[in-house]
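Observations on chain architecture
Here is how the chains run, residue by residue.
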Amino acid sequence: MSERRPRPTAKNGRKPVWRRALNPPAATGVTPPAPRADPPEPEPAADSVVQAALYRDGVRVSTPASLADTFRELRDQPSGMAWIGLARPTEDELLSLAAEFDLHPLAVEDAMEAHQRPKLERYGDTLFVVLSAARYLDAAEEVYFGELHVFVGPDFVITVRHGAAPDLSAVRRRMEDTPELLKLGPEAVLYAILDSVVDGYVPVVAGVQNDIDEIETEVFRGDPEVSRRIYELSREMVEFQRATRPLVGMLHGLMAGFAKYGTEEELQRYLRDVADHVTHTSERVDGFRQALTDILTVNATLVTQQQNAEMRALAEAGFEQNEEIKKISSWAAILFAPTLVGTIYGMNFDRMPELHWALGYPFAIVLMAVVCTSLYVIFKRKDWL
């Protein structure tokens, strides 16, 4: 970020103290007090201020109990930096921050609502950053996404958290444990937050890779529920891609402004490292989406093959059944001929010419034999027998 330009006095009487903390005064030889560890950030209840602290030369000098105390103490610390953490803040709290730190109304409006896309915007001396953090839930085998809005000014950092991720208390402890990094100012805090969000992607990538391996096994095992799991994981990867892909451009945009805004050389190295990790993660996510697409195609092919095999088996069973029916029908027709002749001459009528014919019986036997033989030959030629 650039050197601060003079600003007019705010309406609330605050003097212009917009000086960067990148060039702290010379060390006095006094050992600074050990940084305090923050308690875990709770879910917001009535008060959404999770943590507010003032820093000077990379060391915490105050932990105000309210936003009003933070504003007042920051006015009394010309070379200090305020780091305010909020979780689902109220509209009044955001408006008070906007008035105190001259935040742009559009950025404040975005911070009031979640479901913003990851982005980086610059409003004068203030950066507004929207990040999408991710966390892998082992029990449910799902990816949970949280949203984080960050305002970075010349002497303040404001984080607005929507959701449980990431753990910003760990970021604060890390920075307080490395005062040489924290004293580089608000940009260093932004780096630490970016680094935490990107590091949070690592277990998500590992969990998704494990899920994909399991899905591949289920696909070739013929699990009927695998299609639904592929679809759900594909949706998560779309969301994951929306979280990681814009970060690549955002970090490259920050790196492009290193010279213009006078970013410290050491901080440049850190941000380049984060950019490398983001690029690697984004490539992995793209690979996951392609892999899931290929798996879905393979699964559809296997399902089609299985359906074809079942249809073929049904067709073969029907063909065999039809062959049996033809055989039964053929023998029934052959046996019907002698039955018909025997039935006619078994009616016992007195006036039947053939009853008193000397050759009547041999004729009837020969007739039945001829008819049966003819039918047998016909059915045999038609492959019914």
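Residues numbered from 1 in each chain as written. Predicted model: local features only at pLDDT ≥ 70, side-chain atom pairs only at ≥ 80, totals over all residues. Heavy atoms only, no water.

1. Quick look at the pattern of salt bridges
What the rule picks out here adds up to 15 salt bridges. Between Asp-195 and Arg-174 there is a salt bridge, with its nearest N and O atoms 2.9 Å apart. A residue pair is termed long-range when its members are at least 10 positions apart, and Asp-195 in helix α6 (residues 186–221) and Arg-174 in helix α4 (residues 168–177) qualify at 21 residues. For Asp-195, a relative accessible area of 7% translates into the label buried. It is possible to trace a salt-bridge network through shared partners that takes in Glu-141, Asp-211, Glu-214, Glu-218 and Arg-229. (Salt bridge = Lys/Arg side-chain N within 4 Å of Asp/Glu carboxyl O. Helix = DSSP H or I, 4+ residues; strand = E, 2+ residues; numbered from the N terminus. Buried < 20%, exposed > 50% of the residue type's maximum accessible area, 1.4 Å probe, protein only.)

2. Thoughts on the side chain of His-149
Along the chain, His-149 falls in strand β6 (residues 142–152). Those residues in contact with His-149, other than ones at most four positions away along the chain, are Asp-110, Ala-111, Glu-113, Gln-116, Phe-128, Val-129, Val-130, Ile-158, Thr-159, Val-160 and His-162. (Contact = heavy atoms within 4.5 Å.)

3. Some thoughts on the confidence of the model for the chain
Per-chain confidence: the chain averages 81 in pLDDT, with 87% of residues scoring 70 or above. This stretch, residues 1–46, has a pLDDT under 50; its non-local contacts, to residues over four places away or in other chains, come to 94 contacts. (pLDDT = per-residue confidence, 0-100.)

4. Digging into the sheet that holds strand β7 (residues 156–162)
Pairing is mixed in the open sheet, where seven strands are placed in the order β2-β1-β3-β7-β6-β5-β4. Sheet topology places β2 (59–62) and β4 (119–123) at the edges, where each strand pairs with a single neighbour. On average, each strand axis in the sheet is inclined to that of its neighbour by 25°, with strand direction left out of account. Here five bridges tie β4 to strand β5 (residues 126–137), and the two strands are oriented antiparallel to one another. (Pairing = 2+ DSSP bridges. Axes fitted to C-alpha atoms, helices over the stretch in contact; angles between N-to-C directions.)

5. Regarding the packing of helix α7 (residues 226–256) against helix α9 (residues 265–344)
The N-to-C vectors of α7 and α9 enclose an angle of 155°; their axes lie 8 Å apart at closest approach. Accordingly, the angle class assigned to the pair α7 and α9 is roughly antiparallel. Note that α7 runs across α9; the crossing there is left-handed. By residue class, the composition of the contact of α7 with α9 is 19 nonpolar, nine polar and four charged. (Parallel < 35°, antiparallel > 145°, perpendicular 65-115°, else oblique. Left-handed = near helix turned anticlockwise from the far one by under 90°. Nonpolar A, V, L, I, M, F, W, Y, C, P; charged D, E, K, R; others polar.)

6. Concerning α9
Look at α9: 117 Å from first C-alpha to last across 80 residues, which is about the 118 Å you get at 1.5 Å a residue. Maximum bend of α9: about 25°, positioned at Phe-336, with proline Pro-338 one to four residues after it. (Expected span 1.5 Å × (residues − 1). Bend = angle between axes of the 7 residues up to and from the residue.)

7. A closer look at the nonpolar core
With 59 residues, the main nonpolar core has Leu-131, Ile-193, Leu-194 and Phe-240 as its most contacted residues. The contact partners of Phe-240, leaving out residues within four places of it in the chain, are Ala-134, Phe-145, Tyr-201, Val-204, Val-205, Thr-281 and Val-285. Residues Leu-74, Leu-94, Tyr-123 and Phe-156 belong to the second largest nonpolar core, which totals 24 residues. (Core = buried A, V, L, I, M, F, W, Y, C linked by side-chain atoms within 4.5 Å.)

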